[in-house]
Amino acid sequence: MAEESVIPAAKIREGFTALAREARELYLDAEVAELTSVPDPLSFYREFVSPNKPVVIRGGLDWPALTVWTPQYLRCKAGRLPVSVAVTPNGYADAVNGNNFVMPEERRMILAEFLDIIEQPDSANGVFYIQKQNSNFTEEFDDIIGDAGRDISWATEAFGKSPDAVNFWMGDGRAVTSLHKDHYENLYCVVSGWKKFILIAPTDLPFVPYDIYKPAHYKELKGEFVIQQLDEMPEVPWIPVDPLNPDMERYPEFAHTLCYEVTVNAGDILYLPSLWFHHVRQSHGCIAVNYWYDMEFDIKYNYFKFVEKLAEVQETHSKKVPPRTTMKDSTVS
Ligand SMILES: O=C(O)CCC(=O)C(=O)O
């Protein structure tokens, strides 16, 4: 009978270290690349999408939205539109809190009401953020969509398809999006204010810890936010590390990641490649629109899933993470 062979964890660890090192030597840049004008579709695909490298296109937007989307204009043109707003006590929606993965309380209100809260945050309890990733821009903002667009034409040409979702983001300066990854090619456009992204390449995946959490959501009851567990939902694998304040004692492997930081200002476009981990902060009242184009599920994706599987069985990553689906990490939101 053939003997069962066991690969020592140290050998797998060596492979992970080589993967991260060689990626840095061979294809990653020291900083996020910058362009000062929009690329033609072929160069964009060849220089950034195919090698899976982020780039910021400074001043890449020429939308009327850049000048016309003042609170006054939004009230006048779209103030009566009903919108979905994520409300949390602390600005962390879809994030780890103790043993829970906590989603925001979702409220429906008209845009004018939301704008009042953004202008006077103390007038409401909690942190309010329009962040619903269900193509809310095309679904809920029909009256102002012409000020921006249903797609980014040169990106649509490069990808050979239209975006799967177009999302409108506007919120409180305290709102933070916790570290996660998506299976989308993301064209992230800032209309006013700024966003700060922390990015980690997919080749650093073995050093990004995951744990398993109980799904829950916030609910405001008599002026207090409580966490209610959602027992009917499956458990959620999520990243427990806050890259702004990582707990290196508990997650020492995180020290081996290379965190890129980039600020995306009004008028800029960030190309955030599929499978890159990202953490996002913003200025108060920042407005953005992003375009999610589905990634190609090609050999790169296959290799990524292989490394992910290997990392799951390797104890430094997580002992408990069940097999991942191909769904976007945050589809539970
Ligand atoms: O802007 C944000 O807060 C989060 C953006 C994000 O996670 C995304 O576009 O995938």
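Before any of the text, the structure's been laid out above.
Residue positions are given per chain, counted from 1 along the sequence in the order it is written. Predicted model: local features are reported for residues with pLDDT of at least 70 only, side-chain atom pairs are reported and counted for 80 or more only, and whole-chain, interface and lining totals are derived from all residues.

Trainee: Explain the site of the ligand to me, please; I cannot follow it from the model alone.
Mentor: Residues are classed as near a molecule or strand if the C-beta position derived from their backbone is within 6 Å of it. What surrounds the ligand is the set Q131, W169, T177, D182, N186, Y188, K195, H278, V280, A288 and N290. For the shell around the ligand, the secondary structure elements donating two or more residues are β11 (184-192), β18 (277-282) and β19 (286-294). In the scheme used here, Gly and all other residues not listed as nonpolar or charged are polar, with Ala, Val, Leu, Ile, Met, Phe, Trp, Tyr, Cys and Pro taken as nonpolar and Asp, Glu, Lys and Arg as charged. Residue composition of the shell around the ligand, grouped by class: four nonpolar, five polar and two charged. Put simply, DSSP H or I for four residues or longer makes a helix, DSSP E for two residues or longer makes a strand, and each gets a number counted from the N terminus.

Trainee: Help me understand the environment of H278 in this model?
Mentor: Considering the arrangement of structural elements, one finds H278 in strand β18. Exposure criterion: with C-beta atoms placed from backbone coordinates, a residue whose C-beta has 20 or more other C-beta atoms within 10 Å is buried, one with 12 or fewer is exposed, and one in between is partly exposed. On the basis of neighbour counts, which here come to 23 C-beta atoms within 10 Å, the residue H278 falls in the buried class. For H278 and L179, which are 99 residues apart along the polypeptide, the C-alpha to C-alpha distance reads 5.1 Å.

Trainee: Before we go on, may I ask you to explain the nonpolar core in this structure?
Mentor: The tendency in soluble globular proteins is for nonpolar side chains to be buried side by side. Note on terminology: a nonpolar core is any set of buried Ala, Val, Leu, Ile, Met, Phe, Trp, Tyr and Cys residues joined through C-beta atoms within 7 Å. Counting residues in hydrophobic clusters, the biggest one holds 81 residues, and the most contacted among them are V191, L270 and A288. A per-element tally of this core places β19 first, with seven residues. Placing C-beta atoms from the backbone, we regard two residues as in contact once those atoms come within 7 Å. In contact with A288, other than residues within four places in its own chain, are W169, Y188, C189, V190, V191 and K195.

Trainee: Just to check I follow, could you spell out the environment of T203 for this structure?
Mentor: With respect to the helices, strands and loops of the structure, T203 is situated in the loop between β12 (194-200) and β13 (211-221). Since 25 C-beta atoms lie within 10 Å of it, T203 is described here as buried. Residues T203 and A18, 185 residues apart in the sequence, show an inter-C-alpha distance of 9.9 Å. Setting aside chain neighbours within four positions, we find T203 in contact with L19, A20 and A23.

Trainee: Explain the pairing of strand β8 (residues 127-130) to me, please; I cannot follow it from the model alone.
Mentor: Within a regular strand, the side chains alternate between the two sheet faces. Judged by which residues are buried, β8 turns out to be covered on both faces: V127 and Y129 on one side and F128 and I130 on the other are all buried. Only strands that DSSP links by at least two bridges are regarded as paired with each other. Relative to β8, strand β3 (residues 82-88) runs antiparallel, the two being bridged by three bridges. Following the sheet pairing, T88 is matched in β8 by V127. As defined by bridge partners, β8 adjoins strand β9 (residues 165-171) across two bridges and the pair is classed as antiparallel. Within β9, the position partnered with Y129 by the bridge is G171.

Trainee: In this structure, what is going on with the pairing of strand β10 (residues 176-180)? I would like to understand it.
Mentor: Of all five residues in β10, four are buried, a share of seventy percent or more. The sheet contact formed by β10 and β18 spans two bridges and is antiparallel. Bridging from a neighbouring strand, T177 pairs with V280 of β18.

Trainee: Quick question: what am I supposed to make of the sheet that holds β9 here?
Mentor: Backbone-to-backbone hydrogen bonds join strands into a sheet, with any given pair of strands oriented parallel or antiparallel. With mixed pairing, nine strands are arranged side by side in an open sheet as β1-β2-β17-β11-β19-β9-β8-β3-β7. Edge positions in the open sheet fall to β1 (33-35) and β7 (105-110), since each of these has one partner strand only. Taken over all neighbouring pairs, the strand axes of this sheet differ in orientation by 25° on average, direction set aside. What counts as an axis is a line fitted to C-alpha atoms, over the stretch in contact for a helix, and the angles between N-to-C directions run from 0 to 180 degrees.

Trainee: Hey, could you run me through the sheet that holds β10 in this one?
Mentor: The five strands lie next to each other as β4-β10-β18-β12-β16, forming an open sheet whose pairing is mixed. Both outer strands of the open sheet, β4 (92-93) and β16 (259-265), are each paired with one neighbouring strand and no more. Taken together, the two bridges between β4 and β10 define a ladder with parallel strand orientation. When the bridges of β10 are listed, Y92 appears paired with V176.

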